[in-house]
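Residue strings, one per chain:
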Amino acid sequence: MQVRQFSCGIGYPPKPEENPVRFSFLYTKENDKQEVLAREGETLLEVAHNNKIELEGACEQSLACSTCHVILEEEIFENLESPKEEEEDLLDLAYGLTLTSRLGCQVKVTRAMEGMLVKLPSNTRNFYVDKNKLDLHK
Amino acid sequence: MVRSNKEYRFAIVGSGPAGFYCGKQILKNTKNVRVDIFDRNPHPFGLVRTGVAPDHPEMKKIEKDYQEILRDTERCRFFGNVWVGTNNGIPIEKLRELYSGVVLAYGATSERKLGLPNEESLRGVFSSRQMANWYNGSLDDILDPEQDLDLQNLKDMAIIGNGNVAMDISRVLLKNPKLLQPFDAPTPVIEQLMKLKLKNLSVIGRRGVIQSAFTIKEIREISRIENVQLYMFREEYDQSRNDQSIEETGAGFSPLSRGWHRRTEFLKETCKFIDSIEQYQDITHSRNDTKNLFLRYLQNPIELLSNQISNRINKVRLQKMVLEGEVGHQRAVPDPQNIQSEIECQLLVKSIGYQSRPIEGVTFNSQTCTIPHQYGCILDKNGQIQPGFYVAGWLKRGPNGIIDATLRDSVETFRIIKHHMECDDLQEKNTTVEEVLKLIPSDQKSVDFIDWQKIDSVEKKRGEEHGKTREKILVKEDMLKIIK
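Cut-offs used in this document
Residues numbered from 1 in each chain as written. Chains lettered and ligands numbered in written order. Predicted model: local features only at pLDDT ≥ 70, side-chain atom pairs only at ≥ 80, totals over all residues. Heavy atoms only, no water. UniProt positions renumbered as here; feature names shortened; annotations may be inferred. Contact = heavy atoms within 4.5 Å. Buried area = accessible area lost by both parts, 1.4 Å probe. Salt bridge = Lys/Arg side-chain N within 4 Å of Asp/Glu carboxyl O. Polar contact = N/O pair within 3.5 Å; in protein donor to acceptor, adjacent residues only side chain to side chain. Helix = DSSP H or I, 4+ residues; strand = E, 2+ residues; numbered from the N terminus. Nonpolar A, V, L, I, M, F, W, Y, C, P; charged D, E, K, R; others polar. Domains from an automatic or database assignment. Phe/Tyr/Trp six-rings, centres within 6.5 Å; stacked < 30°, edge-to-face > 60°. Buried < 20%, exposed > 50% of the residue type's maximum accessible area, 1.4 Å probe, protein only. Arc of directions from axis to C-beta.

The name given to chain B in an unreviewed UniProt entry is NADPH:adrenodoxin oxidoreductase, mitochondrial, and the organism recorded there is Stylonychia lemnae. Its UniProt record gives chain B the following Subcellular location (unreviewed entry) comment, quoted word for word: "Mitochondrion". A UniProt comment under Catalytic activity (unreviewed entry) is attached to chain B, and it reads "2 reduced [adrenodoxin] + NADP(+) + H(+) = 2 oxidized [adrenodoxin] + NADPH".

For chain A, an unreviewed UniProt entry supplies the name 2Fe-2S ferredoxin and the organism Stylonychia lemnae. What the UniProt record of chain A gives under Sequence similarities (unreviewed entry) is the line "Belongs to the adrenodoxin/putidaredoxin family."

In structure tokens form, the structure reads like this:
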């Protein structure tokens, strides 16, 4: 049996004939950009999971945690409906909050998002950077 | 993915969020690595089961994610009802010999104390953990609700500390207990809560409004409970807003400033202000149906007063505090004018923080009550890292933070594990179930995933009969009987 890795979304990205919206996620820490295919109306969290992007969604889109925090481009952010109070409350606690932060489970894909870049906040301190502090050879 | 195909075996001690997130990271990013998860309880999920309040079912959805990990029985095994490092359990050294790596994620099973002489002996004084254990149906130190809580005679209550645990307790006690019915609060708990006549609840913080420990989400939820009115004392609010505190809520001071600012604004708009003692007396003694929640600030409990005959708490004496120190590092110190006051309470809950306990054979920082580590790799007594020995969650960074923090922290621990795997710093193992069982005392029955599924389905079935998601089994022996 395999560990089911991703819990939201239908499990696979759209096929080319579904006329997918194409955009990218960026793991900010590794500066690693991954292109994804999305269906209009899917949430960014669903898109992430369908495309095997590492974005948690601990509460399964029920607006109880902020594990799916993403950072949007200003232009995209400005054109979205304002977040609900509940989302704002959770964003207050999000790691690495920015002025264009949203929860991935609350943002739905539109055609206008074609080509956008969604940043994933860098996860933790990077210990490779401080390698000299570590005695890596026992 | 980890760039290594070696057959590593990992033991994770503790099956709460930290343990599961570590396990998930390891399994997801490797091919030939297997994970065994140990827990002292016969049930998995730690505080998701016994910490997350029963009226927050959306938060308990994470259990599903964790259950998926256990379902991968080829690569993940569960050893419930097994102690490690303490209580006549498996010694840490033995576990480390048996596995390529051991991750300690057993959390915080103890709590901080007020430091007042009679806090252990007075009736009606409990820790937040005891309260949460009670309404969450934990197998640990269950209160006797008739004797200890005496809810039918409870009119005034105080909670010391204002974190989210204090908010959970407040909400559970202020809410109509019928609203808990559909979820997994034990039926005896709901029956007790039905008797409750709570009128005045004071939640007491040492520092000011801006340093409140609860999140806006929790206080907003309380403010929406039917027949509940929130209050602050004008004087305490005003004195909380010194220059340093206002600077703390300013943009750019901290990523959390926005939250502190929004929360303070919310409190200002939502709470009614109390301007005089007379007004306070009127509110606490009014005969309407409204339940009052007083958010008190800059107050420190200095004495627990009791009824001599019953030895039960009836008042707490508070000392007025003032803020001192630099922006972001303000402390509460006694007001030089030595201003004291008393509030009535027939129940007092200490909610000033959980604490981890040390286990034998592992270095422990007794100041912070955490295990010294570097990026999650445990340090020995000389401060050297020990590849193959790791820590995650509250035991690593102290007992606070929401689930996101634990997730990020487990990812950090996984990164160092990954690094050690790729550097060939770990030994390959093929740990069998028999080898593990040999280490468990013969009178102790371990619980595997199949066993847990039996317990789980009994609880769900009993719940279903009463229109609930689950009826928790409250006694460990009863749980073990199901799998005999």
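This part covers the interface of chain B and chain A. On the chain A side, the residues contacting the 44 residues of chain B number 42 residues. Buried area between chain B and chain A, summed over both chains or domains, comes out near 4400 Å², and the portion from carbon and sulfur atoms is 51%. Sorting the residues of chain B by area buried against chain A places Tyr375(B), Arg408(B) and Arg415(B) first, and these three jointly supply 18% of that buried surface. There are 12 salt bridges connecting chain B and chain A. Residue Arg262(B) is joined to Asp92(A) by a salt bridge in which the shortest nitrogen-to-oxygen separation is 2.6 Å. Counting across the interface, chain B meets chain A through 15 residue pairs in polar contact (both at pLDDT 80 or more). For the side of chain B that touches chain A, the secondary-structure elements that each account for two or more residues are helix 1 (17-29), helix 3 (62-71), helix 9 (216-223), helix 12 (257-270), strand 18 (373-374), strand 20 (385-391) and helix 15 (403-422) of chain B. Looking at which element gives the most residues to the side of chain B that touches chain A, the answer is helix 15 of chain B, with 10 residues. Partitioned by chemical class, the residues of the side of chain B that touches chain A number 15 nonpolar, 9 polar and 20 charged.

Attention now goes to the domain arrangement of chain B. All names here are of chain B. If you check the domain split of chain B, you get domain 1 (8-108 + 357-447) and domain 2 (110-265 + 294-354). The C-alpha centroid of domain 2 is placed 32 Å from the C-alpha centroid of domain 1. Facing 18 residues of domain 1, the contacting portion of domain 2 comprises 20 residues. For the pair domain 1 and domain 2, the number of links is 4 salt bridges. In this structure, Asp55 and Lys175 form a salt bridge, with 2.6 Å as the shortest nitrogen-oxygen distance.

Residue and element names in this part refer to chain B. This model, assessed by the stated rule, comprises 14 aromatic pairs over all chains. Taken together, a centroid distance of 5.7 Å and an interplanar angle of 35° make the contact between Phe20 and Phe45 tilted. Of the two residues, Phe20 sits in helix 1 while Phe45 sits in the loop between strand 2 (34-38) and helix 2 (46-50), which places them 25 residues apart along the sequence. Here Phe20 and Phe45 have matching classes, each one buried.

Turning next to helix 13 (residues 277-285) of chain B. Residue and element names in this part refer to chain B. Within helix 13, burial applies to Tyr280, Ile283 and Thr284. The buried side chains of helix 13 occupy one side of the element, clustering within an arc of 95° when seen end-on. Turned more than 90 degrees away from the buried face of helix 13 sit Glu278 and Asp282, all of them exposed.

All names here are of chain B. In this numbering, the UniProt entry assigns the feature "binding site: FAD" (unreviewed entry) to Ala18, Leu47, Val84, Trp394, Gly401, Ile402 and Ile403. Across 386 residues of sequence, these annotated residues are also dispersed in space, with a maximum C-alpha separation of 25.9 Å. Setting aside residues up to four positions removed in sequence, Ala18 forms contacts with Ala105, Ala392, Gly393, Thr406 and Ser410. Inspection of the secondary structure assignment puts Leu47 in helix 2. If sequence neighbours within four positions are ignored, Leu47 has contacts with Val52 and Trp394.

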